[in-house]
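Coordinate inspection notes
As a plain string of letters, each chain reads:
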Amino acid sequence: MTRTRIKICGITRPEDALCAVHSGADAIGLVFYPPSPRAVSIEQAREVASVVPPLVTLVALFVDATAQEIARVLESVPVGLIQFHGNEDAAFCGQFHRPWIKAIRIKDDLDVAAACGAYDAASGVLLDAWQEGVPGGTGKTFEWSRAEGRTSLPVVLAGGLNSSNVGSAIKTLGPWAVDVSGGVEVSPGIKDAGKIEQFIAAVRVADQQRAEE
Ligand SMILES: O=C(O)c1ccccc1NCC(=O)[C@H](O)[C@H](O)COP(=O)(O)O
């Protein structure tokens, strides 16, 4: 049975990281983008990292940060994967000797195959909703079928997911992983244990249904 991997993004507190991990999350996302209400400092990130056990991936998310800013985080925080969420090109993303994924925001007129193809050296692409002036964490979905068969890279599906819609998202696209932030929150950056558990349970139900098809 394919087990859809689960990333809980925008974690700011160790207790939320622990809750996500104990509920079955595979990855914890830390937002290093100061304008975000979910942004963490290096100190906060280290506190979160200190409770994350081995074999759970800590993902550091940047939006058009400088190479120096990114290097400073990588020196201090045990980051397993970098998520680039801005206008970074593939050469920039590849310079940190760390696995990385690139967020592709699905605007109406976007050629999804070409946009993903520009990052074929990535470990995967994170497909997210597009909203003018908001680089991520929008709480919005996009038309998942638009991404069907458009890339051979592993797909991390994001954007407006929650326990009610993640099952149909998995059924439509069969992504390698799903990513959620707002759908498991009480308020930006503060996660809800019950919502995390429900989200992960919904992913497992969808996995089971796919296996039985
Ligand atoms: O979460 C943020 O505030 C954020 C800000 C700027 C760029 C990216 C951001 N989050 C990226 C994520 O990985 C989110 O999980 C993804 O966009 C989905 O968010 P949501 O729609 O709230 O589930």
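Refer to the structure above for everything that follows.
So, how was this worked out
- Residues numbered from 1 in each chain as written.
- Predicted model: local features only at pLDDT ≥ 70, side-chain atom pairs only at ≥ 80, totals over all residues.
- Helix = DSSP H or I, 4+ residues; strand = E, 2+ residues; numbered from the N terminus.
- Buried ≥ 20, exposed ≤ 12 C-beta atoms within 10 Å, placed from the backbone.
- Axes fitted to C-alpha atoms, helices over the stretch in contact; angles between N-to-C directions.
- Parallel < 35°, antiparallel > 145°, perpendicular 65-115°, else oblique.
- Left-handed = near helix turned anticlockwise from the far one by under 90°.
- Contact = placed C-beta atoms within 7 Å.
- Nonpolar A, V, L, I, M, F, W, Y, C, P; charged D, E, K, R; others polar.

Comments concerning the environment of V186
Within the element layout of this structure, V186 appears in strand β9 (residues 185-187). Taking the C-beta count within 10 Å as the criterion, V186 has 12 such neighbours and is therefore assigned exposed. For the pair V186 and G136, spaced 50 residues apart in the sequence, the C-alpha separation amounts to 18 Å.

Some thoughts on the packing of helix α1 (residues 14-23) against helix α7 (residues 193-212)
Look at α1 against α7: their axes get within 10 Å of each other, and the N-to-C directions meet at 25°. Relative to α7, α1 is oriented roughly parallel. Our pair here, α1 against α7, has a crossing hand that is right-handed. Touching C19, A20 and S23 of α1 are A193, I196, E197 and I200, all from α7. Broken down by class, the residue content of the contact of α1 with α7 amounts to five nonpolar, one polar and one charged.

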